[in-house]
Amino acid sequence: MKFVKQKDQMDCGPACLSMITSFYGKKYGLEYLRKNSFITREGVSLLGIVEAANAIGLESFAAKISINELLAEQEEFPVILHWNQNHFVVLYKISKNRYSKKRTFYIADPAHGLIKLREETFKKSWITDEKDGILLFLQPSELFFNLIPPKNDDLDLKYILGYLKPYRKQISYMFILILSGSVLTLIFPFLTQNLIDKGVNKKDLNFISIILLSQLLVFLGSIIIDIIRNWLMLFMGTKISITIISSFLKKILELPIFFFETKLMGDFNQRIQDNERIEYFLTSQSLLTFFSIITFSVFFGVLWYYDFLILAVYLLLTIVSVSWSFYWLKKRRILDYLKFQQRSENQDSIFEIINGVTEMKINQFEDFKRNEWEIIQKKLFEINIKILKLDQIQMSGFDFLNQIKNIVVTFLAATLVVKGKMTLGELLSVSYIVGQLNSPVSQLVSFFRSLQDAKLSLERLNEVQNHETEEKKDHRQLCFVRSENSAIFLKNVSFQYEGTKSPYVLKDINFIIPEGKITAIVGSSGSGKTTLMKLLLKFYETTEGDVLFNSENIKNLSPKNLRENCGVVMQDGFIFSDTIERNIVCGDRKINMERLENAAKVANIKHFIDSLPLGYKTKIGASGNGMSGGQKQRILIARAIYKDPHYIFFDEATSALDAENEKNIHNNLQKFFRGKTVLIIAHRLSTVKNADQIIVLKNGQVSEIGNHEQLVKNKADYFKLVKNQLELGN
């Protein structure tokens, strides 16, 4: 079974499933399994893992069993265990000590690697009550062996080096500079040999002066070359870093909304910070290693010229020291994944503390959250200790073997001098050459270590490349030609968030949103109103049924074009850290001041903006800090109005407003709504009673449709909502 690390905090379920498939000879990527597991920001459920297993032909059976029953089922291993009530791991083996009779449980934990546990420790993490724990048995069916896993593009060195292609000119300059530096370095051993043999031995001060002056000039030349090279590296490094992050951001902004709902903030931040390692590899390690190989080749030839036996011994011991380093590099790979996870959790924790400071102070939550952060730091510290220990073992062993190599080579050279087969100058020259050869060898080890880091970072950054973008080439634009089909039709629409076995959020929805009319949707919390609006905006696709815009199925429409023609105010609308003007106008390069002024008037926020010293140019804090809930909501309404769209979708757009502001905005909107197709989700009677059509949702289904007067006469669900609101109002 191949161990698979989780790349994000919520990936443990798909990672476990990927390990199980590898045990049966198939390689399924995390992204494919994530999608079929219906993973959310809260993680993955056992039901989601079952859904993904069934999709790839694995027959599954979930059970709650005792430790003795687990021991009797070892032939069914590997199995997935529910671990510590919030995680999934793979149990792949149980062994029993021949003498002590104690059992050892072998666990593959996607977040921590391969671990061995004693029975007492195992029970603490697996058993959920007094004696039982939850596990999932998985066995391959015929379908599993017939299915072909989707191909994942593995990143190789060629792909990574592709980022250097636009900088051929700068690389050519660097090639010339470093080649010149190598030639200058090559002069040193011959200068040293001549200094001793022809200068010191012959007591020729003039010759010694010339040699030392030559060494000084060569040294100055090397310094100048290094300065120019560092400037070139800074230029290339900055450009490459921008390219990598920009392509990452461009790609994720093209992905559907559900992708963001499966990720935590720390996962994104950590991926973006990964670019530093990629930049370091491309600008420092890759180029330096390439030119170090040239230097190595040159000095290799020179050492061969002096003595082949010394060269052979040097090569043999170099191979041993490099092999030692490579062995430990493999172990370091797993620790790097674990460090990524903990740093991601750390960033999430800090983000939550900073953004939730008000609620924390109100509810005396500070100490608890700070202690949570300290636990994360402790885990991060433990991983850093493991990495440091591994690095010390690797580097100490490498340096020790190198020192042995230097001593052996020096001994051989000294022996040749004693026997008269080599001059003293040649001995010093050989010592210098060996020192110069060690540098490229160390550089090679650093290169592969940096390559491993860069590859891991690029795998995380480029993970999004396997996602399908929202926008497809065959998507069509909205058509607004008036006809009998000019409306939004919902036909037998059903929706589930977490797969076919999860509860329905919407079930068998059938109604029409007439063109140019106002439609209101009401219902108690959790009835599916907001989800319905997100389906109309193509944030999600229906599980069953169809949504039609003017007889065109929404599945065939361009999401971008659809949203361009929609003015939307969501419950959790976002205020950007920018000017009021830019928050209303958003993406328009050229601002239409007439439309901006009108939007502010209709949203009843112009008086507030005019009272500010900088007016529309006033900058708002992050997420609207310093503004009231009502002011934020009016900016969001102004944003929707400024677009002057064909469709208006309001989800509790006036819930934070006082009665006077709501009345003024409601009156202003009536004129703006003329000729537009409007959908309003609201609880307040004043907002919906004048709608042309009111749809009542109850438990994800349509319970009533009609206007205010009709529904009140029916004395059903709408009547109860109105009655309760009036009673609360009194």
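This text gives an overview of the structure that appears in the document. All of these numbers come straight from a predicted model, not from anything done at the bench. (Residues numbered from 1 in each chain as written. Predicted model: local features only at pLDDT ≥ 70, side-chain atom pairs only at ≥ 80, totals over all residues. Heavy atoms only, no water.)

1. Quick word on the pairing of strand E6 (residues 132-140)
On a regular strand, one side chain projects to one face of the sheet and the next to the other, so that they alternate. As paired strands, strand E1 (residues 58-66) and E6 are joined by nine bridges and run antiparallel to one another. Within E6, the residue paired with Phe61 across the bridge is Phe137. One ladder, built from two bridges, connects strand E2 (residues 79-83) with E6; its direction is antiparallel. When the bridges of E6 are listed, Leu81 appears paired with Leu135. (Pairing = 2+ DSSP bridges. Helix = DSSP H or I, 4+ residues; strand = E, 2+ residues; numbered from the N terminus.)

2. So, the sheet that holds strand E9 (residues 518-522)
Working definition: the strands of a sheet are paired by backbone hydrogen bonds and lie parallel or antiparallel to each other. Taken in spatial order, the six strands line up as E12-E13-E14-E9-E15-E16 in an open sheet, and their pairing is mixed. The sheet terminates laterally at strand E12 (566-569) and strand E16 (701-706), the two strands that pair on one side only. Averaged over all neighbouring strand pairs, the angle between strand axes comes to 15°, with direction disregarded. Bridge count between E12 and strand E13 (residues 647-651): four bridges; the pairing is parallel. The residue of E13 that forms the bridge with Val568 is Phe649. Helix H22 (residues 629-642) rests against E12 and E13 of the sheet, and its axis sits at about 175° to E12. (Axes fitted to C-alpha atoms, helices over the stretch in contact; angles between N-to-C directions. Contact = heavy atoms within 4.5 Å.)

3. Observations regarding helix H20 (residues 593-602)
Here H20 has its buried residues at Leu596, Ala599, Ala600 and Val602. What you see down the axis of H20 is that its buried residues fit within an arc of 165°, all on one side. Across from the buried face of H20, at angles greater than 90 degrees, the exposed residues are Glu594 and Lys601. Residues of H20 that are buried make contact with helix H19 (580-585), helix H21 (606-610), H22 and helix H23 (659-672). With a side-chain oxygen lying 3.2 Å from the backbone nitrogen of Glu594, the N-terminal cap of H20 falls on Asn592. A positive backbone phi angle near 60° is found at Asn604, which sits one or two residues after H20. (Buried < 20%, exposed > 50% of the residue type's maximum accessible area, 1.4 Å probe, protein only. Arc of directions from axis to C-beta. Polar contact = N/O pair within 3.5 Å; in protein donor to acceptor, adjacent residues only side chain to side chain.)

4. Topic: the pattern of salt bridges
This model, assessed by the stated rule, comprises 14 salt bridges. One salt bridge connects Asp367 with Arg370, and the closest N-O pair in it is separated by 3.4 Å. Residue Asp367 and its partner Arg370 are both found in helix H15 (residues 366-418); the two are separated by three residues, about one turn of the helix. What makes Arg370 partly exposed here is its relative accessible area of 39%. A salt bridge links Glu374 to Arg370, with the shortest nitrogen-to-oxygen separation between them at 3.0 Å. One end of the pair, Glu374, and the other, Arg370, are both in helix H15, four residues apart, so they sit about a helical turn from each other. Each member of the salt-bridge network shares a partner with another, and the members are Arg103, Glu119 and Lys123. (Salt bridge = Lys/Arg side-chain N within 4 Å of Asp/Glu carboxyl O.)

5. With respect to the packing of helix H1 (residues 12-23) against helix H2 (residues 30-37)
In contact at an axis separation of 9 Å, H1 and H2 are set at 120° when each is read in the N-to-C sense. The angle between H1 and H2 places the two elements in the oblique class. For the element pair H1 and H2, the recorded crossing hand is right-handed. Along the contact surface, H1 presents Pro14, Ala15, Leu17 and Ser18, while H2 presents Leu30, Leu33, Arg34 and Ser37. Of the residues assigned to the contact of H1 with H2, the class counts are five nonpolar, two polar and one charged. (Parallel < 35°, antiparallel > 145°, perpendicular 65-115°, else oblique. Left-handed = near helix turned anticlockwise from the far one by under 90°. Nonpolar A, V, L, I, M, F, W, Y, C, P; charged D, E, K, R; others polar.)

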